[in-house]
Amino acid sequence: MDIDTKLLRHFAEVAREGNLTHTAERLFMAQPSLTKQIKKLESLLGVELFRRSRSGMALTPAGAELAERVPELLALWDALLCGTRGAARGAAQVLRVGFVASAANEDTQRIIAEFAGRRPDWRVEMRQTDWTDPTAGLASGDVDVALLRLPFPRQEEFRFEVLITEPRWIALPTSHRLAHQREVAFHELLDEPFVATPKESGWWREYWLATEERHGRPVRIGTVARNPDEWLTAVASGYGISLTPEATASFYQRPDVVYRPVTGVAPSQVGVVWPRHGARTTALGDFIESCLTVRDDNKANLL
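Conventions used here
- Residue indices begin from 1 for each chain and proceed along its sequence in written order.
- For this predicted model, a pLDDT threshold of at least 70 governs which residues receive local features, and a threshold of 80 or more governs which side-chain atom pairs are given and counted, while totals over whole chains, interfaces and linings are taken from all residues.
- Heavy atoms from the whole structure form the basis of all side-chain values; hydrogens and water molecules are not counted.
- Here a helix means four or more residues in a row that DSSP labels H or I, a strand means two or more in a row labelled E, and each is numbered from the N terminus.
- Whether two residues are in contact is decided by their heavy atoms, any of which lying within 4.5 Å being enough.
- Accessible surface is estimated by sampling points in the Shrake-Rupley manner with a 1.4 Å probe; for residues, cover comes only from the protein chains shown.
- In this tally, Asp and Glu contribute negative charge and Lys and Arg positive charge; neither His nor the terminal groups of the chain are included.
- Charge placement uses NZ in Lys and CZ in Arg. For Asp and Glu, CG and CD serve respectively.
- Two strands pair if DSSP finds at least two bridges between them.
- Axis angles are defined between N-to-C directions and span 0 to 180 degrees, where every axis is a line fitted to C-alpha atoms and, for a helix, only to the segment in contact.
- What makes a nonpolar core is a set of buried Ala, Val, Leu, Ile, Met, Phe, Trp, Tyr and Cys residues whose side-chain atoms join them at distances within 4.5 Å.
- The buried label goes to any residue with under 20% of its type's maximum accessible area, the exposed label to any with over 50%, and the partly exposed label to all in between, with areas taken from a 1.4 Å probe on protein chains only.
- To estimate the expected span of a helix, count its residues, drop one, and scale the result by 1.5 Å.
- Centre distance within 6.5 Å is the pairing criterion for rings of Phe, Tyr and Trp, where only the six-membered ring of Trp is used; planes under 30 degrees apart are then read as stacked, over 60 as edge-to-face, and the remainder as tilted.
- In the sections that follow, a salt bridge refers to a side-chain nitrogen of Lys or Arg positioned within 4 Å of a carboxyl oxygen of Asp or Glu.
- With its strands directed away from the observer, a crossover is right-handed exactly when the path from the first strand over the helix to the second travels clockwise.

Trainee: Quick question: what am I supposed to make of the overall build of the protein chain here?
Mentor: Within the protein chain one finds nine helices and 13 strands. In the protein chain, the share of contacts with a sequence separation of at least 24, taken over all contacts with a separation of at least 6, comes to 73%. Carbon and sulfur atoms make up 51% of the accessible area of the protein chain, which totals about 15,500 Å². Of the charged side chains in the protein chain, 37 are positive and 40 negative, and the gap between their average positions amounts to 3 Å.

Written out as structure tokens, the structure reads:
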């Protein structure tokens, strides 16, 4: 009998969460689709895995047995997949690094140069994704390592080291009523329309809308953007304003957009992120060490 690992992953998430609705939200999928996946797995195995009730999903004895064993099985498969892809990439001597927007800001080229010093025969291939995937291809295995904005969905499934901490600013069209201010308090923005990332980005979208700092105040979504170019055009056109890292003011300049420091919201971080089964003794490890070297050099220069 052949079973798609996706079915097992979805089962493991439902078993962990105990609730179909919450699990579907976490996996960025519709609840009926998730229910169909669970029923398909039960049909393939010929056993009932859950007992459904109004209070949630309770594991049957068969479900409990599978829930205990499936994490190890998936970890072994992930390690095998990573090792196989790593062998192919190693033969080509290319390290694929995912990122969403500005990667590690100005430190990106220094990290690549540091890595080149450690691995002169290797090449770094930077791969950018849009905002539907905050892991920049790491979750799908399309990249070996990533430079990501923290926090991000499924962060607990990966290892990471924080490289940069910087405040969140606000991006405004030059015609905005607050554009003349040197600094903007977040409470002044609560009734403003915001540019949001796609729903597929999960709670990463909520983080950049600062829903926690709103204390229950609803968000007005002016429009949705899937990448920095769409986002910048939306802000410039007056469809909405947007929280953004401080570094954006340097990387994405336009004459019709201004950036201002904003108070009342937590800072943003950039981290180097890699799979839990990634070995730090390989080229991946050298890239991680390169990131940490640049980070530590920055700290030393501030002293």
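Past the structure itself, the notes keep going.
Trainee: Sorry if this is basic, but what is going on with the sheet that holds strand β3 (residues 94-99) here?
Mentor: Strands pair in a sheet through their backbones, by hydrogen bonds, and they do so in one of two ways: parallel or antiparallel. Spatially, the five strands line up as an open sheet ordered β4-β3-β5-β13-β6, and their pairing is mixed. The two strands at the open ends of the sheet, each matched to only one other strand, are β4 (123-128) and β6 (158-166). Direction aside, the axes of adjacent strands within the sheet are offset by 25° on average. Bridge count for β3 against β4 is six bridges, and the pairing is parallel. From the neighbouring strand, F99 faces β4, where its bridge partner is Q128. Across the sheet, helix α5 (residues 107-118) is in contact with β3, β4 and β6; its angle to β4 comes to roughly 150°.

Trainee: When you look at the nonpolar core in this model, what are you seeing that I'm missing?
Mentor: Grouped burial of nonpolar side chains is what soluble globular proteins tend to show. Membership of the largest hydrophobic core comes to 43 residues, with the highest contact counts inside it found for I170, F186, L189, F194, W231, L243 and Y259. Elements represented by at least two residues in this core include exactly β5 (145-150), β7 (168-173), β9 (193-196), α6 (203-208), α7 (228-236) and β12 (257-263). The greatest single-element share of this core, amounting to five residues, is contributed by α7. Dropping the residues within four chain positions of it, Y259 is found in contact with W169, I170, A171, W231, L232, T244, T248, A249 and Y252. With 23 residues, the next largest nonpolar core counts A104, I111, W122 and V270 among its residues.

Trainee: What exactly am I supposed to notice about helix α9 (residues 283-302) here?
Mentor: Two residues of an α-helix separated by three or four positions point the same way, owing to the 3.6 residues in each turn. Compared with an ideal rise of 1.5 Å per residue, which puts 20 residues at 28 Å, α9 spans 29 Å between its outermost C-alpha atoms and is within 8% of the ideal. All of the buried residues along α9 are A283, L284, G285, D286, F287, I288, S290, C291, L292, V294 and R295. In this structure, the buried side of α9 is in contact with β3, α5, β5, β6 and β13 (268-275).

Trainee: Help me understand the packing of aromatic side chains in this model?
Mentor: Where two aromatic rings form a pair, the distance of their centres and the angle of their planes describe that pair. Within the structure shown, the criterion is met by six aromatic pairs. Ring centres of F152 and F158 lie 6.1 Å apart, and the angle between their planes is 45°; this geometry places the pair in the tilted category. Taking relative accessible area as the criterion, F152 reaches 0% and is therefore assigned buried. Note on W204 and W208: the rings are 6.5 Å apart at their centroids and 70° apart in plane angle, and the pair reads as edge-to-face.

Trainee: I'm lost on the pattern of salt bridges in this one. Help?
Mentor: Once the charged atoms of two side chains with opposite charge are near each other, the side chains can pair. Applying the stated criterion to the full structure yields 18 salt bridges. E13 is the salt-bridge partner of R16, the closest N and O atoms lying 3.0 Å from each other. Highlighted residues: R16 and E13, both in helix α1 (residues 5-17), separated by three residues, approximately one helical turn. Here E13 falls in the buried class, since its relative accessible area comes to 10%. We note a salt bridge from E192 to R177, for which the minimum N-O separation is 2.9 Å. With a gap of 15 residues between them, E192 in the loop between β8 (184-185) and β9 and R177 in the loop between β7 and β8 connect regions that are remote in the sequence. When salt bridges that share partners are traced, they join R96, R123, E125 and R127 into one network.

Trainee: In this structure, what is going on with the sheet that holds β8? I would like to understand it.
Mentor: With mixed pairing, the four strands of this open sheet are ordered in space as β8-β12-β7-β11. Edge positions in the sheet fall to β8 and β11 (242-245), since each has one partner strand and no second. Where β7 lies against β12, five bridges are found, and the strand directions are antiparallel. What sits directly across from P173, in β12, is V257.

Trainee: When you look at the pairing of β9 in this model, what are you seeing that I'm missing?
Mentor: On any regular strand, side chains alternate: one points to one face of the sheet, the next to the other face. Neither face of β9 is open: one carries P193 and V195, the other F194 and A196, and all of them are buried. Between the parallel elements β9 and strand β10 (residues 220-224), the chain passes through α6 in a crossover that is right-handed.

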